[in-house]
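Reading the structure
Chain by chain, the residues:
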Amino acid sequence: MSDKTAEGLKLDAKKSGQRVGLTSDEIIINGGRPLRGRIEVRGAKNLATKAMVAALLGKKKSVLRNVPNISDVRVVAGLLALHGVLITRGKNDEWILDPSNVEVAHAPDIDAHAGSSRIPILFCGPLLHRLGEAFIPDLGGCRIGDRPIDFHLDALREFGAVIEKLPSGISLTAPNGLHGANIELPYPSVGATEQVLLTAVLAKGQTELRNAAIEPEIVDLICILQKMGAIITIEANRVIFIEGVEELGGYNHKAIFDRNEAASWAAAALATKGDIMVGGARQEDMMTFLNAYRKIGGQFEVLDDGIRFWHDGEALKPVIIETDVHPGFMTDWQQPLVVALTQAEGVSTIHETVYENRLGFTSALNKMGAQIVVHEQGLDDGQRRVMRREFEQAAVITGPTPLHGAEVEVPDLRGGFSYLIAALAAEGQSKITNLGIISRGYENFIEKLRKLGADFIFEA
Ligand code: EPU
């Protein structure tokens, strides 16, 4: 792009110290500069929010450490406060949650949180145990498919919950209390597994859950529940066995690191030909990602306090990736990595098997010069390891294609971060709008970009 474009003029204005009139939901990125330096990742969004809900189950205060400063955490804190949980901030990234005065919240107040997150569905079991009733507003979260809650509701019914669907959400009661259940999930859903755990720990009797999700964040949630007094066994073949107890206390826990954020910065290092030390990342929870990174030609070094990721200047290689439940390749890792794959020499394929609509973000990458074709019905290439799912999709990425700047709007959390990476890797300027979605799951990402030497304009 020439300096004569509107964005170029804005950059000139920036150089002379003037504000350029961006909203706090927009960023202009001047791409083509490798990201280099060290950033820290903190507690996982997909654990911290659930750990906060778990505190509701206890009779005593809980202390959660390593809490990330992201908007999903603030949404859950707001909902807990509505239900009488007293939340105070300790030093640094420590949150203290006191559930001694849990109370029924007013439905209109809860309703104000409708659409802002999917976490409220996990309040069902804890609220039924504490109050005998619950109201859950319509859910939000990223627009990446239908994301139904049938597994959650079926499981809750098995525990004895009575569910009424209302226009504004769902209302639950447990006239005879909640009892242990024998449940087999149709798919190892992360959320439904958490739902069962958070309900079974205080249910009367034993619960066997088959076909459970076993993501590291779930194991961390089980550790938290055990600290509170729960009795939970993870058995072979995705079976989790829970012996209900009379009451639970509090916990003091350091949240597991955010492996999705770590993978996103790793992808940024590769796409921008940079070198990023991701402090706090741990090898054991990222092994599948590291294998794919190595196959593409990305370099990494595992250190005691994190993992360093870099591009060594050699050509990148194409790969075939099938997203899957843990220990497979996480669906959340594919969007950031697709940007790096636009620079690989040859044809890569991503089979998205977890969500039915998580490849829409690629159209904006095509606008920036990528060559990506999405197959809405999926693709059978004869080399599959993950079972073919009915509604899966595939993206075929042909590279290398130079990327150029463009104006793009963030569609969802991970897709949005992939646009940041693409803009950082592209020649010229890009404007990214609807930026707020990224703060749902990436802590202080603007500060981190600054630390890594990115060239951008952002006006808070
Ligand atoms: N599903 C159903 N019925 C249900 C529940 C799930 O059909 O009742 C389907 C979903 O539609 C989807 C599949 O099962 O096709 C997997 O969904 P899952 O329940 O495992 O996902 P989730 O709990 O809603 C969490 C993360 C996602 C992450 C997935 C998969 C949170 C808040 N969200 O979602 O994270 O992609 O597990 O690992 O923990 C993100 O961080 O950007 C994100 C979307």
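Refer to the preceding data block for the structure.
**Overview of the site of the ligand**
Inspection of the region around the ligand gives 25 residues, with D150, S189, V190, V354 and R414 positioned closest. Backbone polar atom of P148 to an oxygen atom of the ligand: 3.2 Å apart, as the coordinates give it. A total of 830 Å² of accessible area belongs to the ligand in isolation, and the protein chains cover 92% of it. Counting residues per element, the ones that place at least two in the shell around the ligand are α2 (45-54), α6 (150-158), α7 (190-200), α11 (331-341) and α13 (413-425). Within the shell around the ligand, the residues separate by chemical class into 12 nonpolar, five polar and eight charged. Counting contributing residues, the shell around the ligand receives three or more from each of domain 1 (6-40 + 258-457) and domain 2 (45-254).

**Re the pairing of strand β16 (residues 306-310)**
Extensive coverage of β16 is indicated by the burial of four of its five residues. Strand direction decides the pairing type here: strand β14 (residues 275-279) and β16, joined by five bridges, are antiparallel. Within β16, the residue paired with G279 across the bridge is G306. In terms of strand pairing, strand β15 (residues 299-303) meets β16 through five bridges, oriented antiparallel. The residue bridging Q299 from the neighbouring strand is W310, located in β16. Hairpin connection from β15 to β16: two residues lie between these consecutive antiparallel strands.

**Focus: the packing of α2 against α7**
Packed helices, taken two at a time, are described by their axes: the angle between them and the distance between them. One can describe the packing of α2 onto α7 by two numbers: an axis separation of 11 Å at closest approach and a directional angle of 25°. Relative to α7, α2 is oriented roughly parallel. The way α2 lies across α7 gives a crossing that is right-handed. Between α2, through N46, K50, V53 and A54, and α7, the contact on the second element is made entirely by V190, E194 and L198. Considering only residue class, the contact of α2 with α7 consists of four nonpolar, one polar and two charged.

Definitions and limits used
- Residues numbered from 1 in each chain as written.
- Predicted model: local features only at pLDDT ≥ 70, side-chain atom pairs only at ≥ 80, totals over all residues.
- Heavy atoms only, no water.
- Near = heavy atom within 4 Å.
- Polar contact = N/O pair within 3.5 Å; in protein donor to acceptor, adjacent residues only side chain to side chain.
- Areas by Shrake-Rupley, 256 points an atom, 1.4 Å probe, with all protein chains shown as cover.
- Helix = DSSP H or I, 4+ residues; strand = E, 2+ residues; numbered from the N terminus.
- Nonpolar A, V, L, I, M, F, W, Y, C, P; charged D, E, K, R; others polar.
- Domains from an automatic or database assignment.
- Buried < 20%, exposed > 50% of the residue type's maximum accessible area, 1.4 Å probe, protein only.
- Pairing = 2+ DSSP bridges.
- Axes fitted to C-alpha atoms, helices over the stretch in contact; angles between N-to-C directions.
- Parallel < 35°, antiparallel > 145°, perpendicular 65-115°, else oblique.
- Left-handed = near helix turned anticlockwise from the far one by under 90°.
- Contact = heavy atoms within 4.5 Å.

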